[in-house]
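Listed here are the chains, written in short residue letters.
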Amino acid sequence: MATSSRQLWQRAIAQLLALYVAALLVGWVIGQTWLPLAIVSMAVAAWHYWRLWRLQTQLTGHRRLNPARGRGIWPRVELLLLKRQDDVHNRKRRLLGMLRAYRTAAAVLPDAVVIIDRNSQRVLWFNEACEILLGFRFPRDKDQPVAQLLKPLPVSVWMAGGQHAEPMVDAPSPHDPNIRLNLRLIPYSEQHWLLVARDISKLMHLEQVRRDFVANVSHELRTPLTVIHGYLELFDTDDIPEWSPMFDEMRLQSQRMAQIVEDLLTLSRLEAQERLPEESVSMPALLHALRREGDALSQGRHTIVIEDTTRLDLTGSTKELHSAISNLISNAVRYTPTGGTISIRFTPDCEGAVLAVHDTGYGISPQHLPRITERFYRVSTSRSRESGGTGLGLSIVKHVLAMHQAQLDITSEVGKGSVFSIHFDAAHVRPRVAQQMDRD
Ligand code: ADP
């Protein structure tokens, strides 16, 4: 049975006492009490110092402890220290194993992974994919400033955003411009950042193939549809009245197909465009034109109101903004029953300006709102078709607004109506100067 530390201490004290008693006896026999007592005290102290020295030498030499056999205090202390030493050693081995496994996993990741020192913004570590995707070389690029290695990408400005830095989407690789990358910055500790670059070249290529396919198909369909529609318009069914409903339906459907093709071509054109012109968009003129179009579409079935409480104009593409807002007004007219009101309000807000189209129409239930700007997504297919919709109007709106860094907010209540608000930031509004208004 293992001896408890209490028993160990009791035995050690008993041994010490026995030594002193023996020393006293010897002192009494030789007639000099202090001499044996002093010799015993010095021997005990020397022995303890020697054990301490031995332990310290073993510990500082990082050697595995070699505990003496025996049942005293020192063998027990050495045994306990040896157990601790073995625990630490095993834990270290386990951690090293884990670290090696993580490093191996990170090294073979298909994404480029770079560990960056946050203060110096220098590269601490990178995996193999960095050599292919970013052109890094080991050991040449270790400890180099990351902004310099990734030139001409605007990495310094990007990293200044820290944890709020938006991912860099579809950026050309500094090593090979044919490689398209998505870069993300992940601050994972006080001192370290992780930069992850993913190769999206294949994805972008497929996306391009899809875009080209839609654009080509739409383009190829345009001419035959125009011809069919033209002949249908020419066809006179006065002599054969029973054919009349069929021809009316054929005209309607060919018109619908032509409109779908036109909308698809508009979307393809917007997708292919990298930038839009930065014109000054005169709002009084635009609102006036929109009102005229709304009136023509409604044909007196709705009340159309324009409110303009800003002294602001917009900056962007007049043609595309006109098309986007006109889509919203066309929807408001088509999805509001006769007698309803449609208001187009242009108001300032703390960040820029808001253009909102309010209607008192059918409304949209909340589960449809997140998907409503997707291509061909309709709340009610029959209602959309009846009203001449293609299912592409809001997709066009979303694209145009994204190119103006504007935000679309939709609030709606079934049976009460909807509000489609476009939020323009300060960079896209400008004061409406008197001189400009005169010119408009
Ligand atoms: P569509 O050509 O079918 O109108 P959109 O992309 O313009 O296609 O709109 C998508 C769907 O959103 C429509 O089918 C319609 O159900 C719904 N919607 C759009 N605007 C309104 C509105 N003002 N009121 C009610 N529903 C709307």
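Small disclaimer: the values here were computed from a predicted structure and weren't measured.

Draft legend 1. Fine view of the overall build of the protein chain. Check the secondary structure of the protein chain and you find 13 helices and 13 strands. A compact globule built from 440 residues would reach a C-alpha radius of gyration of about 22 Å, whereas the protein chain, at 41 Å, exceeds it by more than 25%. Seen along its three principal axes, the alpha-carbon backbone of the protein chain occupies a region of about 150 × 55 × 45 Å. For the protein chain, with 440 residues in total, the buried portion stands at 36%. Counted over contacts in the protein chain with a minimum sequence separation of 6, partners at least 24 positions apart contribute 57%.

Draft legend 2. View of the site of the ligand. Near the ligand you find 20 residues, and of these Tyr335, Ser384, Thr390, Gly391 and Leu394 are the closest. One of the side-chain nitrogen or oxygen atoms of Arg334 is found 2.9 Å away from an oxygen atom of the ligand. At a separation of 2.8 Å, an oxygen atom of the ligand approaches a polar backbone atom of Gly391. A total of 530 Å² of accessible area belongs to the ligand in isolation, and the protein chains cover 97% of it. With respect to the pocket detection grid, the ligand is positioned in the largest pocket.

Draft legend 3. Fine view of the pattern of salt bridges. A full pass over the atoms with the stated rule returns 21 salt bridges. We note a salt bridge from Glu207 to Arg210, for which the minimum N-O separation is 2.8 Å. One end of the pair is Glu207 and the other is Arg210, both in helix H7 (residues 201–234) and 3 residues apart, which spans about a single turn. We classify Glu207 as partly exposed; its relative accessible area is 28%. A residue is classified by how much of its surface remains accessible, and Arg210, at 30% relative accessible area, is partly exposed.

Draft legend 4. Expanded view of helix H3 (residues 73–107). Helix length check: H3, at 35 residues, gives a terminal C-alpha distance of 50 Å against a target of 51 Å (1.5 Å per residue), a fit within 8%. Burial in H3 covers these residues: Ile73, Trp74, Pro75, Glu78, Leu82, Ala106 and Ala107. Buried residues along H3 sit against helix H1 (5–30), helix H2 (34–60), strand S2 (123–126) and helix H4 (129–133).

Draft legend 5. View of the sheet that holds strand S11 (residues 407–413). The strand order across the open sheet formed by 5 strands is S7-S9-S10-S12-S11, and the pairing between neighbours is mixed. The open sheet terminates on both sides in strands that have one partner only, identified here as strand S7 (303–308) and S11. On average, each strand axis in the sheet is tilted by 10° relative to the strand beside it, whichever way the strands run. Where S7 meets strand S9 (residues 341–348), 6 bridges bridge the pair, whose relative direction is parallel. Along S9, the bridge assignment pairs Asp308 with Phe346. Each of S7, S9 and strand S10 (352–359) is contacted by helix H9 (residues 283–298), which is oriented at about 170° to S7, the strand it contacts most.

Draft legend 6. Examining the nonpolar core more closely. Leu314, Leu355 and Phe424 are the most contacted members of the largest nonpolar core, which has 40 residues in total. For this core, the elements supplying multiple residues, two or more each, are helix H8 (244–272), H9, strand S8 (312–316), helix H10 (318–334), S9, S10, helix H12 (393–403) and strand S12 (417–425). If you tally residues by element for this core, the top one is H10, at 7 residues. Once residues within four sequence positions are removed from consideration, Leu355 is found in contact with Met283, Leu287, Ile325, Ile344, Arg345, Phe346, Phe420, Ser421, Ile422 and Phe424. Formed by 27 residues, the second largest nonpolar core is a distinct cluster that contains Ile116, Cys130, Ala165 and Met168.

Draft legend 7. Main features of the sheet that holds S8. Strand order in the open sheet formed by 3 strands is S6-S8-S13, with antiparallel pairing between adjacent strands. Only two strands of the sheet have a single partner each, and these edge strands are strand S6 (279–281) and strand S13 (429–431). Adjacent strand axes in the sheet meet at a mean angle of 40° when their direction is disregarded. Strands S6 and S8 of the sheet are contacted by H9, whose axis makes an angle of about 85° with S8. The strands touched by H10 within the sheet are S6 and S8, with S6 carrying the most contacts at an inclination of about 40°.

Calculation rules
- Residue indices begin from 1 for each chain and proceed along its sequence in written order.
- Per-residue local features of the predicted model are confined to residues with pLDDT of at least 70, and side-chain atom pairs are confined, for both listing and counting, to 80 or more; whole-chain, interface and lining totals are unaffected and use all residues.
- Excluded from the side-chain calculations are hydrogens and water; all other atoms, namely the structure's heavy atoms, are used.
- Secondary structure elements follow DSSP: runs of H or I of four or more residues count as helices, runs of E of two or more count as strands, with numbering from the N terminus.
- Radius of gyration: C-alpha atoms only; globule rule: 2.2 Å multiplied by the number of residues to the exponent 0.38.
- Working definition: with a 1.4 Å probe on protein chains only, accessible area under 20% of the residue-type maximum means buried, over 50% means exposed, and in between means partly exposed.
- Contacts are assigned to residue pairs with any non-hydrogen atoms lying within 4.5 Å of each other.
- A cutoff of 4 Å decides nearness: a residue is near a molecule or strand if any of its heavy atoms lies inside that distance of it.
- Polar contact criterion, stated in full: a pair of N or O atoms within 3.5 Å, where within protein one must be able to donate a hydrogen and the other to accept it, and residues adjacent in sequence count only if both atoms are side-chain atoms.
- Only the protein chains shown count as cover for residues, and the accessible areas themselves come from Shrake-Rupley with a 1.4 Å probe.
- Only protein atoms enter the 1 Å grid used here. Points where a 1.4 Å probe fits but cannot escape make up a cavity, open sets with protein on both sides within 12 Å along at least five of seven lines make up a pocket, and a residue lines them when an atom lies within 4 Å of a point.
- Grid points define the cavity or pocket, and a molecule sits in it when more than half of its atoms lie within 2 Å of them.
- Salt bridge, as used here: a side-chain nitrogen of Lys or Arg that lies within 4 Å of a carboxyl oxygen of Asp or Glu.
- The span you would expect from a helix comes to 1.5 Å times its residue count less one.
- The rule for pairing is simple: two strands pair if DSSP sees at least two bridges between them.
- Between the N-to-C directions of two axes lies an angle of 0 to 180 degrees, each axis being a line fitted to C-alpha atoms and, for a helix, fitted only over the stretch in contact.
- Here the nonpolar core consists of buried residues drawn from Ala, Val, Leu, Ile, Met, Phe, Trp, Tyr and Cys, with membership extended through side-chain atoms lying within 4.5 Å.

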